[in-house]
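The lines below spell out each chain.
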Amino acid sequence: MLLLSFEGIDGSGKSTQARLLERYLRDRGRDPLLVREPGGTELSERVRTLLLQEDLAIDPLAEMLLFSAARAQLVADRVRPALQAGRIVLCDRFYDSTTAYQGGGRQLADPDWLNGLHRRVTQGIVPDRTYLIELPPSEAQTRRTTGRTDPSSAHRAGATSSGATSSGADPSGADPSGSSSGDASGAGPSPADDRMETEDHRFYRRVADAYARLADAEPERFLRLDGRNTVDHLHKTIRADVRSLLKEKTDR
Ligand code: TYD
């Protein structure tokens, strides 16, 4: 019925927002499906383990195909059936991650080739809205290595990316899954970093730039959010948008 995806570089806070929205919808009597990528099915979780294992060398093309394989299974087994059953589906990452990380970060394949692959893999399913949580790579890195931080609540509200200010250290921005939060301080990857998270600053800069290009190319689908805003502010912006999307659907 409605497909919403959450995108951003590691440490941007997108998983927190996906979970907050799931709870919000549930509290209002809906039955949303929340899935994460890579993952969400037995096969996809096994592929995730392979992909994120730090000691495994994976060729960039193989990496792209593995992420896509995990997605194909997830779409076939869960996403498509849920949409057909009239449910709201929340995807913590979807095919834009592959365009940003493998296309942009790994500098692999041209956009047309990638778009063709995505269409096949997702059976043509496109999110109704993609929430892109943008955060400067250096700030995301700090969140990953020193524990997640939530920007000061005094920080300016807004749904676009601009004007850096310093962040506070409120731990409420922590990713509740704890799936990848590093806990070491200082430079360099923390012991909890997975294979992707050990990539350097330039890699994440390319990923962030690729996301920005995607958002520019599809302004109706993407809602760009400044990840330096508070968790609560971001959540309120997202849920207001979801309410209007749902209204559009029912008015149609
Ligand atoms: P994610 O689950 O968001 O990370 P975490 O739970 O550790 O915060 O994503 C796992 C990693 O996989 C992340 O570094 C992004 C990367 N990734 C890709 O490179 N390509 C893809 O297509 C997807 C879905 C994820």
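Our structure's up above, just so we're on the same page.
Reading the values: rules and limits
Residues numbered from 1 in each chain as written. Predicted model: local features only at pLDDT ≥ 70, side-chain atom pairs only at ≥ 80, totals over all residues. Axes fitted to C-alpha atoms, helices over the stretch in contact; angles between N-to-C directions. Helix = DSSP H or I, 4+ residues; strand = E, 2+ residues; numbered from the N terminus. Parallel < 35°, antiparallel > 145°, perpendicular 65-115°, else oblique. Left-handed = near helix turned anticlockwise from the far one by under 90°. Contact = placed C-beta atoms within 7 Å. Nonpolar A, V, L, I, M, F, W, Y, C, P; charged D, E, K, R; others polar. Pairing = 2+ DSSP bridges. Expected span 1.5 Å × (residues − 1). Buried ≥ 20, exposed ≤ 12 C-beta atoms within 10 Å, placed from the backbone. Arc of directions from axis to C-beta.

1. Here's the deal with the packing of helix H4 (residues 95–105) against helix H7 (residues 201–217)
Working note: a packed helix pair is described by the angle between its axes plus the distance between those axes.
Here's step 1: Look at H4 against H7: their axes get within 8 Å of each other, and the N-to-C directions meet at 130 degrees. Taken together, the axes of H4 and H7 lie oblique to each other. The chirality of how H4 crosses H7 is right-handed. From H4, Asp96, Thr99, Ala100, Tyr101, Gly103, Gly104 and Gly105 reach across to H7, where they touch Phe203, Arg206, Val207, Asp209, Ala210, Tyr211 and Leu214.
Here's step 2: Per-class residue counts for the contact of H4 with H7 are 7 nonpolar, 4 polar and 3 charged.

2. Here we look at the sheet that holds strand S5 (residues 222–226)
Here's step 1: Spatial strand order, S2-S3-S1-S4-S5: 5 strands in an open sheet with parallel pairing. Edge positions in the sheet fall to strand S2 (33–36) and S5, since each has one partner strand and no second. Pairs of neighbouring strands in the sheet enclose a mean axial angle of 20 degrees, with direction left out of account.

3. Thoughts on H7
An α-helix turns once every 3.6 residues. As a result, residues three or four positions apart point the same way.
Here's step 1: An ideal rise of 1.5 Å per residue puts 24 Å on 17 residues; H7 measures up with 24 Å between its terminal C-alpha atoms.
Here's step 2: The set of residues buried in H7 consists of Tyr204, Val207, Ala208, Ala210, Tyr211 and Leu214. Buried residues of H7, seen end-on, are gathered within an arc of 160 degrees and therefore sit on one face of the element. Residues of H7 that are exposed and angled more than 90 degrees away from the buried face: His201, Arg202, Asp216 and Ala217.
Here's step 3: Of the surrounding secondary structure, the elements contacted by the buried residues of H7 are strand S1 (2–7), H4, strand S4 (129–134), helix H6 (137–146) and S5.

4. Regarding the packing of helix H3 (residues 60–84) against H4
Here's step 1: Contact geometry for H3 and H4: axes closest at 10 Å, N-to-C directions at 170 degrees. By the angle class used here, H3 and H4 are roughly antiparallel. Only Tyr95, Thr98 and Gln102 of H4 make contact with H3, whose side of the interface consists of Pro60, Glu63, Met64, Phe67, Ser68 and Arg71.

5. Some remarks on the environment of Asp77
Here's step 1: In this structure, Asp77 sits in helix H3.
Here's step 2: Residues Asp77 and Gly40 lie 37 residues apart in sequence; the distance between their C-alpha atoms is 9.1 Å.

6. Re unusual backbone geometry
Here's step 1: With omega at -10 degrees, the peptide bond leading from Glu37 into Pro38 counts as cis.
Here's step 2: Secondary-structure assignment places Pro38 in the loop between S2 and helix H2 (42–52).
Here's step 3: Its identity is not glycine, yet Arg93 carries a phi of approximately 85 degrees, on the positive side.
Here's step 4: The phi dihedral of Gln107 falls on the positive side, at around 55 degrees, and the residue is not glycine.
Here's step 5: Given 11 C-beta atoms within 10 Å, Gln107 falls into the exposed group.

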